[in-house]
2 protein chains.
Amino acid sequence: MQLLKQKILNEAEVLPGNILKVDSFLNHQLDTMLLVEIGKAFANYFKQHNINKIVTIESSGIAAAVTTGIELKVPVVFARKQKSLTTHSDVYSAPAHSYTKQVTNEVIVKKQFILPTDQILIIDDFLAQGEATMALTKIIQQADANIVGIGIVIEKAFQDGGKKLRAAGYDLLSLARIKTISSPNQIIFED
Amino acid sequence: MQLLKQKILNEAEVLPGNILKVDSFLNHQLDTMLLVEIGKAFANYFKQHNINKIVTIESSGIAAAVTTGIELKVPVVFARKQKSLTTHSDVYSAPAHSYTKQVTNEVIVKKQFILPTDQILIIDDFLAQGEATMALTKIIQQADANIVGIGIVIEKAFQDGGKKLRAAGYDLLSLARIKTISSPNQIIFED
């Protein structure tokens, strides 16, 4: 997605530890006009499936999930992150380790919001090691619902998440796939 | 807003401690079509001001802020909640106590995303004691930016937040103002 790649080149910051900061349009400030285009791109790619629900994870996934949900006219469920799992029989949960923050969160969704009949599109802002996205796939599998695809705004293709999800057979669309990043602010895309 | 009030009457749950759960359309699952209408209602009410930015707070405020931002064609900045403030000179911060969760969070926004020239609309999902919304007003004041108004999806008018914000002179629009709630599931609106 050219508009997104240009935005990344213009505004993303490369920080030590392979961190790519996109706070000015995706992770803290949200470029709503860009997010509408992101929603259209996901909706257009996945529209042939009978998607009836989008699942994402708080907080940065919500905006792209909402604009995609508006395009597809379906609701969004956002999973919550918690430090520890206080076991409840009414939630699905899976652990997700954050390599950036060096913490493991429990990712949870109330059981009533994912049904075995659901045809689900997963949307998230970033894909690096894939921990958060994998946790969402586990939760949806616990519910016996079907995952029709995964839409990612920015994939760090030099990390393993995309490889793992594609190997598991998921139809994964990343709108920007980054091949390498290096200081100062050198960003190279795949293709 | 009639559509919202009907949704509250149909789907909200009243829990002990004056808690109103709207997980099925606003706080966990998001009704994207309702959120588009919510965005239009806020945009319509505040459109005469030259708003150039919306400020909200993660996670549940993001969806309504994004649909309002799409209508007004302006970006959204979402404040982050942190357990404790690890002091950084590059952020504005203010504490906000959650009476529901009995924790005090630091609400933070990076300084670069609020400028003295900004004309800001604050959007949030809930207004009860007003702690989160007041924290956002403090952050924006620290930045010397102007707050043109505050849009709230659901105001618990039997708690003090709305009174405090109106007394402070803010133009506050709540799309549903709840006068009383009581078990089992009795919800009465203002007007």
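Attention in this report is confined to the structure presented alongside it.

This brings us to the overall build of chain A. Tallying secondary structure elements over chain A gives six helices and eleven strands in all. In terms of overall dimensions, chain A has C-alpha extents of about 50 × 35 × 30 Å along its principal axes. Residues counted as buried form 56% of the 191 residues belonging to chain A. For chain A, the exposed surface amounts to about 8,200 Å²; the carbon and sulfur share of it is 49%.

As a further point, take the pairing of strand E9 (residues 146-156) of chain B. Residue and element names in this part refer to chain B. Most of E9 sits out of view: ten of its eleven residues are buried. Two elements, strand E8 (residues 119-127) and E9, share eight bridges in a ladder whose sense is parallel. Its bridge partner lying in E9, Leu 121 is registered against Gly 149. Note on the crossover from E8 through helix H5 (residues 131-142) to E9: the handedness is right-handed.

With that settled, the discussion passes to the relation of the copies chain A and chain B. In the superposition of chain A on chain B (RMSD 0.0 Å, axial shift 0.0 Å), the rotation amounts to 180°. The superposition of one copy onto the other is thereby described by a two-fold rotation axis. Every residue of chain A has its C-alpha some distance from the rotation axis, and the shortest such distance is that of Ser 59 of chain A, at 2.7 Å. A high fraction, 100%, of the interface residues of chain A reappear at the interface in chain B, so the copies pair face to face through one surface.

All names here are of chain B. The set of residues buried in helix H1 (residues 2-11) consists of Leu 4, Lys 5, Lys 7 and Ile 8. Angularly, the buried residues of H1 cover 160° about the axis, an arc narrow enough to put them on a single face. Across H1 from its buried face, at more than 90 degrees, point the exposed residues Gln 2, Leu 3 and Asn 10.

Attention now goes to helix H4 (residues 62-72) of chain A. Residues and elements named next belong to chain A. With ten of eleven residues buried, H4 is to be regarded as a mostly interior element. Every buried residue of H4 is accounted for by Ile 62, Ala 63, Ala 64, Ala 65, Val 66, Thr 67, Thr 68, Gly 69, Ile 70 and Leu 72. Lys 73 occupies a position one or two residues after H4 and carries a positive phi of about 60°.

The partner chain B presents 32 residues to the 32 residues of chain A that form the contact. Regarding the contact of chain A and chain B, the summed buried area is about 2,700 Å², with carbon and sulfur atoms giving 64% of it. At the boundary of chain A with chain B, the tally comes to two salt bridges. Across the pair Asp 23 of chain A and Lys 110 of chain B runs a salt bridge whose closest N-O atoms are separated by 2.5 Å. Counting across the interface, chain A meets chain B through 17 residue pairs in polar contact (both at pLDDT 80 or more). Sorting the residues of the side of chain A that touches chain B by element identifies helix H2 (23-27), strand E3 (29-30), helix H3 (32-46), H4, strand E5 (76-82) and strand E7 (103-110) of chain A as the ones contributing at least two each.

Right, let's talk about the pattern of salt bridges for a bit. Any two side chains of opposite charge can pair, on the condition that their charged atoms come close. Residues and elements named next belong to chain A. Overall, the coordinates contain 20 salt bridges over all chains when judged by the stated rule. Its salt-bridge partner being Glu 58, residue Arg 80 comes within 3.3 Å of it at the nearest N-O pair. Pair noted here: Arg 80 is in strand E5 and Glu 58 is in the loop between strand E4 (53-57) and H4, with a separation of 22 residues, a long-range link. You can call Glu 58 buried: its relative accessible area is 12%. When salt bridges that share partners are traced, they join Lys 7, Glu 11 and Asp 31 into one network.

What follows deals with the nonpolar core. Note that soluble globular proteins tend to have their nonpolar side chains buried in a common cluster. With 82 residues, the main nonpolar core has Ile 8 and Leu 20 of chain A together with Ile 8 and Leu 20 of chain B as its most contacted residues. Ignoring sequence-local partners within four residues, the contact set of Ile 8 of chain B consists of Phe 25, Ile 154, Ala 176, Ile 178, Ile 187 and Phe 189 of chain B.

Residue and element names in this part refer to chain B. Structurally, Asp 31 can be placed in the loop between strand E3 (29-30) and helix H3 (32-46). According to the relative accessible area criterion, Asp 31 is buried, its value standing at 18%. In terms of polar contacts, Asp 31 uses its side chain to reach the backbone amide nitrogen of Leu 34, at 3.0 Å.

With that out of the way, let us pick up unusual backbone geometry. Here the residue pair Glu 58 of chain A and Ser 59 of chain A is connected by a cis peptide bond, since its omega of -10° sits within 30 degrees of zero. Relative to the elements of secondary structure, Ser 59 of chain A occurs in the loop between E4 and H4. Following Ser 183 of chain B, the chain continues into Pro 184 of chain B via a peptide bond in cis, with omega recorded as -10°. As for its placement among the helices and strands, Pro 184 of chain B is situated in the loop between strand E10 (172-182) and strand E11 (186-189). The phi torsion at Lys 73 of chain A lies on the positive side, around 60°, for a residue other than glycine. Residue Lys 73 of chain A is classed as exposed on the basis of its relative accessible area, which comes to 62%.

Basis of the calculations
- Residues numbered from 1 in each chain as written.
- Chains lettered and ligands numbered in written order.
- Predicted model: local features only at pLDDT ≥ 70, side-chain atom pairs only at ≥ 80, totals over all residues.
- Heavy atoms only, no water.
- Helix = DSSP H or I, 4+ residues; strand = E, 2+ residues; numbered from the N terminus.
- Buried < 20%, exposed > 50% of the residue type's maximum accessible area, 1.4 Å probe, protein only.
- Areas by Shrake-Rupley, 256 points an atom, 1.4 Å probe, with all protein chains shown as cover.
- Pairing = 2+ DSSP bridges.
- Right-handed = clockwise from strand over helix to strand, strands pointing away.
- Least-squares fit on C-alpha atoms with pLDDT ≥ 70 in both.
- Contact = heavy atoms within 4.5 Å.
- Arc of directions from axis to C-beta.
- Buried area = accessible area lost by both parts, 1.4 Å probe.
- Salt bridge = Lys/Arg side-chain N within 4 Å of Asp/Glu carboxyl O.
- Polar contact = N/O pair within 3.5 Å; in protein donor to acceptor, adjacent residues only side chain to side chain.
- Core = buried A, V, L, I, M, F, W, Y, C linked by side-chain atoms within 4.5 Å.

Keep in mind these numbers describe shape, not what the thing actually does.
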